[in-house]
Amino acid sequence: MASTLLKKSITDLTRRKARAFFAVLTLAIAVASVGIFAAPSLMDQAMQDEVRASRLADLTLQTKPLAMTPAQLDALGRLPNVTGVQAQSVVQTRVWIGERRQKAIVVGVPDYGRQPVDRVSITSGTAPQVGTVLTDIQNADGGRYDGSVGDTVRVVGVGDRVHELRVSGVGRNLEWSQLGVNGDFVMLYATPATAAQLAGEPGYSLLAFRLADTSTAAANRTADDVRGYLRAETSFTRFSDLPAIREAGSYPGKDLFEQLATLMNVFTVLALLAAGVLVANTMGTLIGEQRREIGMMKAIGGTRRQIRRVYLRTALLLGAIGSVLGVGLGIVIANLIVGFFGSTFFAIEPAWSVSTPVVVASLMLGIVGPPLTALPAIRRGTRLPVREGLEEVPPLEGGVRTVDRLLRRLTFLPRTAQIGVRSVTRRTRRTIATVVQIALAVGTLIGVLALMNSVTSTTEEAWNQLRYDFDLNTVVGKQLDARADRLILATPGVDVAQPVLMNAVKAEGKDAFAWGLSPRPMFDQKVVAGRWFTSGENRSAAPVTVIAKNIARAIGVDVGDTVTIRTASGPARLRIVGKTGTQMQNGLLLLTPLSTLRTILNSPDTVNAYWVRTSSPDHGLIDRTTTALEDRLAAAGYSIGTNIRYVDQARNVDSNRQISMAIGILGFLIVAISMVGLVNAITMNVLERTREIGVLRCIGARARDIRRIFAAEGIAVSLAGWLLGIPVGYAFARLLNWLLLEVVKIEFAFTFPPLNILIALIGTVVLALLIMRLPLRRAVRFKPGEALRYA
């Protein structure tokens, strides 16, 4: 008896091969999507290996170029808690790429054979000597610089002198390679002597440390020890910025990857939901078409338990096959995601690996899920009375009769279309399940399109708040003083130039940025509560600030409260007089009067940036003015960088669009699963109604009429799914916006354009018609006699 029931379970799968194929395919895709959960752990594993290999710094300190002897560096390495120290000379400059100039950073490393911290790996060629450089392996990305070993790169140095440096090899560094990609810099690695030639002054501007105790408190104590030693033994005055402390287990770009992974997980859950609906639909169809068999089994003494076991075993077999295929596909998907991010953002090739917990979870979910989703249909089937089960045609339920009567009133439609539309009530549960699947697909599509619109519009809005054309900035070297101010204002093409002081700070322990601005800065303040600071507060260096609402929400403060910020020069308390909705720096901003931040940072006469507006918005004039200022300031001994707003805006919008597109691709996973469900439903509908097709052919129906009947039914189901998908899409778009706010900490403007609904409608109808072509082609090829004999 047991072997007979097992054979029946297997036969149920092979009886309708098309149905079994689509169900297994959907399950495999759903189980494979669980592999996305493995991506963060696999990426973390690969990056931790890279962190150990590159000896990534635990503590990084920036200073103005500081001359230090090898003995003094050795003494820093002997300080308490220090296990390694690396000094680097950093020069911000420009390089000539043909007739175009590109901003660049040159990092001088004392000894490439001995790098205890923040190692620059040489992937090809040889270590640079005086007059030669390594080019970063990721410089070719985005067309920044594609030079190779043996080429010559022209680097602009102090006094606007061009240095021709030979490329001795290719290198990479976990920190600097990331900065090159994110900041659009050409990254070059040289010796301190070469860096000094370019900067016009010797000295190290960055100190990187490996620590025994990497806790924040211990790292801050080490920074204090370093500060004390440098003040006692060198000409050091203060650090340029807050100590950069790397949390244990972190690496550059980790936060972004984990944020994206969180959004990916949402789509994984939706994919599992869509697959669950399809499996339930498949099992419901299987049991529905075997009503007579169930009635016969009961008539000859079959118990509910035995019948239940037959179909549970069928669902288990379905799940087992789908799980095995899906687990293998999931391993591939997870490693492809990790490989993409590893090669694109970190220039590494992570080894393929497997997350055992995720594999086990995938198998369990794939095997246990189908029986669970099939339970309602199995329970209905086993409770079917013998007499009802043996009936040739099941009676219509009350609700279905009502719908059928309403559909009969569509007399304005052609007769073939009426038959097709009324056919949606033949298999009510399957129709409802198919409508739900299409609604999930349409809702996902609308939600993803809304997300892409929100990201693009918010990014554009943030950049359009700026009222300047480009900015000048100095990361290292000489700050911009009154002499630089005169040079900038005297440059042809400059209309307005505003000094700006920018600094990384800790606001109540949270990472943030402080900007010192003029009372009427060249950007839209977007004050949403309170007020902007006044000219009088700027003149008196009043301890006031206008805080961005993102950081205000994170630290729990509001207008009228006080906030404590910690800078490289020590702590300071500021009274919050206003709140802004700006999303610059991801909304982690404290905007103060320029004189206030100068006082806090002990920098009374200098700034590190200028916002410049030209006399015309013409891009050509902006480019020429930027070049003239770079040349004029470099000739005066200032090491500066520039950011042209229209260029950076286009790059930022494109970058965000690529990220949202990557999220959208995952969204189409749900669309794919749902479309497989539609294929399954239509294919089974055609196969089950071949006898009806034969009858129609016998009474004179042409192939065109058959196609119209089934096309009308498919379009009716698709339109019902589209209508249900509109509120689903709205809710999903709201969910994605909320997740971006909570996970990425950026408040994107919510958009829900009607155009997205129209796109979804067109896509749904077109896909439905395309999907129906294959089963309809098969249906219309049946000859009347063949169709009547088809079982």
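Described in the following lines is the structure provided in the data block. (Residues numbered from 1 in each chain as written. Predicted model: local features only at pLDDT ≥ 70, side-chain atom pairs only at ≥ 80, totals over all residues. Heavy atoms only, no water.)

Some thoughts on the side chain of Glu 537
Within the secondary structure, Glu 537 is located in helix 17 (residues 535-539). Its relative accessible area of 11% is what places Glu 537 among the buried residues. A distance of 2.7 Å separates the side chain of Glu 537 from the side chain of Arg 531, its partner in a polar contact. A polar contact is formed between the side chain of Glu 537 and the backbone nitrogen of Thr 534, at a distance of 2.8 Å. (Helix = DSSP H or I, 4+ residues; strand = E, 2+ residues; numbered from the N terminus. Buried < 20%, exposed > 50% of the residue type's maximum accessible area, 1.4 Å probe, protein only. Polar contact = N/O pair within 3.5 Å; in protein donor to acceptor, adjacent residues only side chain to side chain.)

As for the nonpolar core
Core analysis: the largest hydrophobic core is formed by 59 residues, its most contacted members being Leu 472, Leu 517 and Val 612. Counting 23 residues, the second-largest nonpolar core is a separate cluster that includes Leu 76, Tyr 204, Leu 207 and Ala 568. (Core = buried A, V, L, I, M, F, W, Y, C linked by side-chain atoms within 4.5 Å.)

Section: the packing of aromatic side chains
Applying the stated criterion to the full structure yields 9 aromatic pairs. Taking 5.9 Å as the distance between ring centres and 85 degrees as the angle between the ring planes, the aromatic pair formed by Phe 523 and Trp 611 counts as edge-to-face. Here Phe 523, found in the loop between strand 13 (510-517) and strand 14 (527-530), pairs with Trp 611, found in strand 19 (residues 609-614); they are 88 residues apart in sequence, far enough to count as distant. Looking at Phe 523, the relative accessible area reads 3%, which means it is buried. (Phe/Tyr/Trp six-rings, centres within 6.5 Å; stacked < 30°, edge-to-face > 60°.)

Let's talk about the pairing of strand 11 (residues 470-473)
Because side chains alternate across strand 11, one face comprises the buried residues Phe 470 and Leu 472, and the other comprises Asp 471 and Asn 473, equally buried. Sheet topology places strand 11 next to strand 19; 4 bridges connect them, and they run antiparallel. Looking across to strand 19, one finds that Leu 472 is bridged to Tyr 610. One ladder, built from 4 bridges, connects strand 11 with strand 20 (residues 641-644); its direction is antiparallel. Bridging across to strand 20, Asp 471 finds its partner in Asn 643. (Pairing = 2+ DSSP bridges.)

Some points on the pairing of strand 8 (residues 186-190)
As a general feature of sheets, a regular strand has side chains that alternate between the two faces. Across the 5 residues of strand 8, 5 count as buried, placing the element largely inside the fold. Burial of strand 8 is two-sided: the residues Val 186, Leu 188 and Ala 190 facing one way and the residues Met 187 and Tyr 189 facing the other way are all buried. Pairing of strand 3 (residues 100-108) with strand 8, which is carried by 5 bridges, proceeds in the parallel orientation. Bridged to Val 106 within strand 8 is Leu 188. Across 2 bridges, the pairing between strand 5 (residues 132-136) and strand 8 is antiparallel. Along strand 8, the bridge assignment pairs Leu 134 with Tyr 189.

Quick notes on the side chain of Gln 138
Mapped onto the elements of the fold, Gln 138 is located in the loop between strand 5 and strand 6 (152-156). Ignoring any residue separated from it by four or fewer positions in sequence, one finds Gln 138 in contact with Arg 144, Ser 177, Val 181, Ser 343, Thr 344, Phe 345, Phe 346 and Ala 347. (Contact = heavy atoms within 4.5 Å.)

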